[in-house]
Amino acid sequence: MTVYGNFPGSRPRRLRTTPTMRRMVAETRLDPANLILPAFVREGIDAPVAISAMPGVQQHTLDTLRKAAVDAVSAGVSGIMLYGVPADEKKDARGTAGTDPDGILQVGLRAVREEVGDDLVVMSDLCLDEYTDHGHCGVLTADGRIDNDATLERYAEMAQVQADAGAHVVGPSGMMDGQVGVTRDALDQAGHEDVSILAYTAKYSSAFYGPFREAVGSSLKGDRKTYQQDPANARESLRELALDLEEGADMVMVKPAGPYLDVLAKVADSVDVPVAAYQVSGEYAMIEAAAEKGWIDRDAAIMESLTGIRRAGAQMILTYWATEVAQRLGGR
């Protein structure tokens, strides 16, 4: 071809010529330290139970939970977020198993801390939905509505027992108004000033939570649209963000991650605290299902999805692939 003058004057492809070149100039990097492993511990089982909608994920016994924590540490993962799955007969209207010092989540927290100490940041889901017979994240009124302020009283109790059990971080996830402030006060009053709060700041009422309901044995009837955020709204998340920071959140989170990268970017650009994002069960299941069909390259899709979340501004990513990806990245 005939070249006119200095055409083309710029050749960005020069920086894409080899894998080493692309790695050197990469703007976004994933590291095992960015990753947090969500894990489920179930009461009353003597072998792990596979979650059908989430291939490769299971409800743990205490022993397999301990091993999962050790594996995460070995891979260089930073944290583990624990969810308790109580026996069905222990569920009630107020979720009392969630505040029982010997409830399954508290037992799981103690087991993980005993196993890995401070080598893993041990986090706990602070919510009632796993423990209520109606499956909602709070206490219900006589006519079936969520009683926000009565729920906050229960969250205060949960924060204290989870911290007593060894949680480094509690994650109030019910999207109740005032939940971060009440949690901070409860922790401080119980002498747990060093326990951090990861606020579920922008938690949307999402169709992508479907497989998670199986994972925690949810009893939910209906939906959570009166307390989780409307997927149509973005500015609202910034209002929630301002409130959580004012109430004492140490870290903030957007959930789900992939469908809300715009919200994640807005949050990350607005704060000077660490920002997390949760790659939820439906995001995981879609990639696994498509890969099982041979429609996509599983490993490449996993890495691309996580890189996109990181690029949008998340310093921490909760993902069910945390240990696998950390091992792929080379660990510590």
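Computed from a predicted structure; not experimentally measured. (Residues numbered from 1 in each chain as written. Predicted model: local features only at pLDDT ≥ 70, side-chain atom pairs only at ≥ 80, totals over all residues. Heavy atoms only, no water.)

## Quick look at the environment of Y284
- With respect to the element layout, Y284 can be found in helix 9 (residues 281-292).
- Since its relative accessible area comes to 4%, Y284 is described here as buried.
- For the pair Y284 and P55, spaced 229 residues apart in the sequence, the C-alpha separation amounts to 9.0 Å.
- Those residues in contact with Y284 that sit more than four places away from it in its chain are M54, P55, G56, V57, Y320 and W321. (Helix = DSSP H or I, 4+ residues; strand = E, 2+ residues; numbered from the N terminus. Buried < 20%, exposed > 50% of the residue type's maximum accessible area, 1.4 Å probe, protein only. Contact = heavy atoms within 4.5 Å.)

## Focus: a positive patch on the surface
- A grouping of R11, R13, R14 and R16 is seen on the molecular surface, where their side chains present a positively charged patch.
- Its place among the elements puts R16 in the segment before helix 1 (19-25).
- Judged by its relative accessible area of 52%, R16 is exposed. (Patch = residues over 30% accessible without salt bridge, like charges linked within 9 Å, V, L, I, M, F, W, Y side chains within 5 Å. Areas by Shrake-Rupley, 256 points an atom, 1.4 Å probe, with all protein chains shown as cover. Salt bridge = Lys/Arg side-chain N within 4 Å of Asp/Glu carboxyl O. Lys, Arg positive; Asp, Glu negative; His and termini not counted. Charge placed at Lys NZ, Arg CZ, Asp CG, Glu CD.)

## Some details on the packing of aromatic side chains
- By the definition in use, this model includes six aromatic pairs.
- Centroid distance F40 to Y83: 5.6 Å. Interplanar angle 35 degrees. Geometry classified as tilted. Of this pair, F40 sits in strand 1 (residues 35-42) while Y83 sits in strand 4 (residues 79-85), and the two are 43 residues apart along the sequence.
- Among the aromatic residues, those joined into a cluster by ring pairs are F40, Y83, Y278, Y284, Y320 and W321.
- Positioned over the ring face of Y209 is K255, at 5.3 Å from the centre of the ring.
- Seen from the ring of Y278, K255 lies directly overhead, with NZ or CZ sitting 4.4 Å from the centre. (Phe/Tyr/Trp six-rings, centres within 6.5 Å; stacked < 30°, edge-to-face > 60°. Lys NZ or Arg CZ within 6 Å of the ring centre and 35° of its normal.)

## Examining the pattern of salt bridges
- One pass over the structure, following the stated rule, counts 16 salt bridges.
- For the salt bridge of K90 with E43, the shortest nitrogen-to-oxygen distance reads 2.5 Å. Placement of K90 in the loop between strand 4 and helix 3 (104-116) and of E43 in the loop between strand 1 and strand 2 (49-50) is noted, with a sequence separation of 47 residues between them.
- Among the salt bridges present, the one from E157 reaches R154, with a minimum N-O distance of 3.2 Å. Here E157 pairs with R154, and both are found in helix 4 (residues 148-164), just three residues apart, close to one helical turn.
- Assessed through its relative accessible area of 2%, R154 is described here as buried.
- Residues participating in the shared-partner salt-bridge network are E288, R298, D299, E324 and R328.

## Concerning the pairing of strand 1
- The element strand 1 is largely enclosed, with a buried count of seven among its eight residues.
- Two strands pair when backbone bridges link them, and strand 1 and strand 10 (residues 316-318) are joined in this way by two bridges, in the parallel orientation. Considered in strand 10, the bridge of I36 is made with L318.
- Both strand 1 and strand 4 contribute to a ladder of seven bridges, which runs parallel. Residue pairing across strands places R42 opposite V85, the latter belonging to strand 4.
- The pairing of strand 1 with strand 3 (residues 58-60) spans two bridges and is parallel. Paired with F40 across the strands is Q59, a residue of strand 3. (Pairing = 2+ DSSP bridges.)

## Here we look at the environment of A326
- Among the structural elements, A326 can be located in helix 11 (residues 322-329).
- Residue A326 is classed as buried on the basis of its relative accessible area of 0%.
- Through-space distance from the C-alpha of A326 to that of L35 is 7.6 Å; in sequence the pair is 291 residues apart.

## Some points on helix 11
- Of the residues making up helix 11, those classed as buried are A322, T323, V325 and A326. Along the long axis of helix 11, the arc covered by the buried residues comes to 165 degrees, so they all point the same way.
- Summarising the contacts, the buried residues of helix 11 are in contact with strand 1, helix 2 (62-75) and helix 10 (298-311).
- In the segment just after helix 11, G330 is the residue with positive phi, at about 105 degrees. (Arc of directions from axis to C-beta.)

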